[in-house]
Amino acid sequence: MSLLEVSDLRVSFSTADGVVKAVRGVSFSVDTGKTLGIVGESGSGKTVLTQTLLGLAPGGQVSGRAMFGGKDLLTLRPEQLRQVRGAEIAVIFQDPLTSLHPLYKVGWQIREMIRSHDKSVSKQQATERAVELLGRVGIPQPRQRVDDYPHQFSGGMRQRAMIAMALALTPKLIIADEPTTALDATVQAQILDLLIRLQEESDTALIMITHDLGVVADIADDVMVMYAGRAAEKADKHDIFYRPHHPYTKGLLESIPNSSAAGERLKPITGQPPSLINLPSGCAFHPRCTYVMDRCLTEEPDLVAVGATGQHRSACWLPVGAAGIEQDAEEIRRRAVEQGRHDAAAKVAEAIAAAPESQGSVIA
Amino acid sequence: MSETLPRDTATTGPGETDDVLVRVSDLVKYFPVRGGGLISRTVAHVQAVDGVSLTIGRGQTIGLVGETGCGKSTLARCIAGLIPTTSGTVTFEGHNITNLPRRQMQPYRREIQMIFQDPYGSLNPRRRVGSIIGDPFAVHKTASGSKRKRAVQELMERVGLNPEHFNRYPAEFSGGQRQRIGVARALALRPKLIICDEPVSALDVSIQAQVLNLLADLQADYGLSYLFIAHDLEVVRHVSDSVVVMYLGRIAEAGPKDPVYDAPRHPYTNALLSAAPAADPEAAASRQRIILTGDVPSPINPPSGCRFHPRCPKAQELCSQQDPPLEVKAGDPSTHVTACHFPVQEGEVLARSGRTSGGQPR
């Protein structure tokens, strides 16, 4: 039994323009001591997904199950969830300046976090614990800095303070939502290093939400790639990076500039991500997919095993063997497309080819 | 404060020195810090840019990298003439354009345009896209009426927007498309230099590649020069001919991109390159990361000697006393310059901490 098991989670929001289907049937699990990377572009549903688990995305219609320590997080009452949040599942957000209260000292905020979950801890003890935590996350002179206000910390130090706060109650699971996106490269390296070290020390499970494939390559064990509210592909990180099956995963990897192809033309994914109110029929990725086939227009593929182990799963109609970036995988894809593409899909393919990377429909 | 810099640091490659578009010499920009009290007087200076020289060749792309607060955006704004410089000169095609009065600067403003990072913040949300892109024509009185509309629509088509959408508002476009609007506006007067300040940082990866390809196409078609500022080193490597690495207002290392990326000499460049996440699990696991301690110091009171010395894994006593000149190090091409007393040698291992055990399964 995994630490967290989410099955068929669906979240939608009613708006004046229609129903936004933010998460459409996502299942995943995280084990103790492991890191799951959730990758996706803006609007792929990755943040709504985890905020729903913590009851931080109010107003949505939620269905599915999220089992954590024998409890279904989705059915907990707000006050029960408050006990889980912070104590058992901690969150680190992208922007540490807005998640720390500007008018309270950093130490006070960590102290309150500890005392709100355990009233028996004295102020003195909680302060001691805050000093110790700040030292553990690498804040120099923690005994003095505990009395600083957030604005007296640099961006990297604020993120460290957030991590200290997340660690305060030794949670079993940490959800980090783009924790390094606002930081410089050298500071990002420090923070990732810190997270990895802390995880090794305390065997915490980590969910790392990011749009940066480099961060995932560095820190994750397993990766889930999301597109338009669903998992496009799930696998351990080596399969994702070296044997991608879903054309979206492959497209993401190919659109990153890298040193081996410096100066060459980049291969972007054409078009724009779809509106979550008006999703394309069939596979949501088909209007941007260069391997589009007839059935992609009408039938939405399920996540199926595409590798030897069953761990590698992809939601795509391409045949199982079409995983990888080498020539033979490309050949399998080409043959599948030859057989599976007729008039309807050919029109989509033509539209993609005719609008090379530049013309995307306006989201209006 | 200003060491003797060799002329043409960061030249744009062999044979390009005759074809210099912009030459920046010993540029300094200090911002005053005023004290409190009734009579506020200047108590200190933020030394944002402190003695930077570089040249931008025609049709070339210079990549400018460095962390937050290293002065890269200030340098860009000084070159574009958006803020006055404290000292030093900027020449454009041989004309000194440093701190020119408004009227005299006007013709050069057509030649130097800027693209900003935030495609949401740099477009007025209450104006239609057609009039935003048409602004340069109005300001410089080069086209009006139906002629302007036609020019705007041509521009929109050129940057990959549907020309029929000129009546829409910025909010109706996605992030990538808004950045295209910014590109169209910058392109309107056919400038010779476009300064791109983090043009793709706010965009998703797949969209980022679209915009980078567009910038490359425009450069090929119009012979544009770019000063390309970004913190993503892979993006800079992809677009640039030469790279300038800045740290706390000074150039740490500069040169053609291949030597700088493949054999970086400055410990800071080494640290930056090792810190950049690569989308390749095996490379990430086998890499020796140089984890720098601490943060970038305050530019109000920069460290003595080499400004990098408090964070440098190689720092020795000399580094805190003497400012290292920006010079060619032994074995480097004459265009590759480094400001370091103890440049990194080939094969030298700098990793001070970090994950030493490499690719162990976690």
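Everything discussed here concerns the structure shown above.
About the cut-offs
- Residues numbered from 1 in each chain as written.
- Chains lettered and ligands numbered in written order.
- Predicted model: local features only at pLDDT ≥ 70, side-chain atom pairs only at ≥ 80, totals over all residues.
- Helix = DSSP H or I, 4+ residues; strand = E, 2+ residues; numbered from the N terminus.
- Rg over C-alpha atoms; globule rule 2.2 N^0.38 Å.
- Buried ≥ 20, exposed ≤ 12 C-beta atoms within 10 Å, placed from the backbone.
- Contact = placed C-beta atoms within 7 Å.
- Pairing = 2+ DSSP bridges.
- Axes fitted to C-alpha atoms, helices over the stretch in contact; angles between N-to-C directions.

S.K.: It is not clear to me how the overall build of chain A should be interpreted in this structure. Could you clarify?
M.R.: Of the regular secondary structure elements, chain A holds 14 helices and 12 strands. A compact globule built from 364 residues should have a C-alpha radius of gyration of about 21 Å, and chain A, at 22 Å, falls within 12% of that. On the principal axes, the C-alpha backbone points of chain A span a range of 75 × 45 × 45 Å. Here chain A holds 364 residues, and 47% of them are scored as buried. Summarising the internal contacts of chain A: among those between residues at least 6 apart in sequence, 63% fall at separations of at least 24.

S.K.: In this structure, what is going on with the sheet that holds strand 5 (residues 71–72) of chain A? I would like to understand it.
M.R.: Pairing between sheet strands relies on hydrogen bonds along the backbone, with the strands arranged either parallel or antiparallel. Residue and element names in this part refer to chain A. Spatial ordering of the open sheet is given by 2-1-4-5, a layout of 4 strands whose pairing is antiparallel. Unpaired on one side and paired on the other, strand 2 (18–30) and strand 5 mark the two borders of the sheet. Packing of helix 1 (residues 46–53) onto the sheet brings it into contact with strand 1 (4–15), strand 2 and strand 4 (61–68), and relative to strand 2 it is tilted by some 70°.

S.K.: Teacher, can you tell me more about the sheet that holds strand 1 (residues 20–34) of chain B here?
M.R.: Residues and elements named next belong to chain B. Strand order in this open sheet of 4 strands is 2-1-4-5, and the pairing throughout is antiparallel. Every interior strand has two partners, whereas the edge strands, strand 2 (42–57) and strand 5 (95–96), have only one. Where strand 4 (residues 87–92) and strand 5 come together, 2 bridges link them in antiparallel fashion. For Thr 91, the partnering residue across the bridge sits in strand 5 and is Asn 96. Contacting strand 1, strand 2 and strand 4, helix 1 (residues 72–79) crosses the sheet at an angle of about 120° to strand 1.

S.K.: Which parts of the structure should I look at to understand the interface of chain A and chain B?
M.R.: When the parts come together, some accessible area is lost, and that loss is often what is quoted as the size of the interface. Across the contact, 45 residues belong to chain A and 41 residues belong to chain B. For the side of chain A that touches chain B, the elements supplying multiple residues, two or more each, are helix 8 (185–202), helix 9 (213–219), helix 10 (237–242) and helix 11 (247–255) of chain A.

S.K.: What's the story with the pairing of strand 9 (residues 222–227) of chain A in this structure? I'm lost.
M.R.: Both faces of the sheet carry side chains from a regular strand, because those side chains alternate between them. All names here are of chain A. For strand 9, the buried fraction is high: 6 of the 6 residues fall into the buried class. Side chains of strand 9 alternate between two faces, with Asp 222, Met 224 and Met 226 and Val 223, Val 225 and Tyr 227 buried alike. Sheet topology places strand 3 (residues 35–39) next to strand 9; 4 bridges connect them, and they run parallel. Bridge pairing in strand 9 links Val 39 to Val 225. Bridge count between strand 9 and strand 10 (residues 230–236): 6 bridges; the pairing is antiparallel. Bridge assignment links Met 224 to a residue of strand 10, and that residue is Lys 234.

S.K.: Just checking my understanding: could you explain the environment of B:Ile300 for this structure?
M.R.: All names here are of chain B. By secondary structure assignment, the location of Ile 300 is in the loop between helix 10 (281–286) and helix 11 (317–321). Taking the C-alpha atoms as reference points, Ile 300 and Ala 44, separated by 256 residues in sequence, lie 6.7 Å from one another. In this structure Ile 300 touches Val 33, Ala 44 and Val 46, once residues within four positions along its chain are discounted.

S.K.: Where do I start with helix 11 of chain A in this structure?
M.R.: The periodicity of an α-helix, 3.6 residues per turn, causes residues three or four positions apart to be oriented the same way. Taking burial as the measure, the 9 residues of helix 11 of chain A include 8 buried ones, the bulk of the element. Every buried residue belonging to helix 11 of chain A is among A:Pro247, A:Tyr248, A:Thr249, A:Lys250, A:Gly251, A:Leu252, A:Leu253 and A:Ser255, and all of these are buried. Where helix 11 of chain A is buried, its residues contact helix 9, strand 9, strand 10 and helix 10 of chain A together with helix 6 (205–222) of chain B.

S.K.: Is there a simple way to explain the pairing of strand 1 of chain A in this structure?
M.R.: Residue and element names in this part refer to chain A. In terms of strand pairing, strand 1 meets strand 4 through 7 bridges, oriented antiparallel. For Ser 12, the partnering residue across the bridge sits in strand 4 and is Gln 61. Bridge count for strand 1 against strand 2 is 10 bridges, and the pairing is antiparallel. Looking at the pairing, Phe 13 lines up with Val 20 of strand 2. Connecting the antiparallel pair strand 1 and strand 2 is a turn made up of 2 residues.

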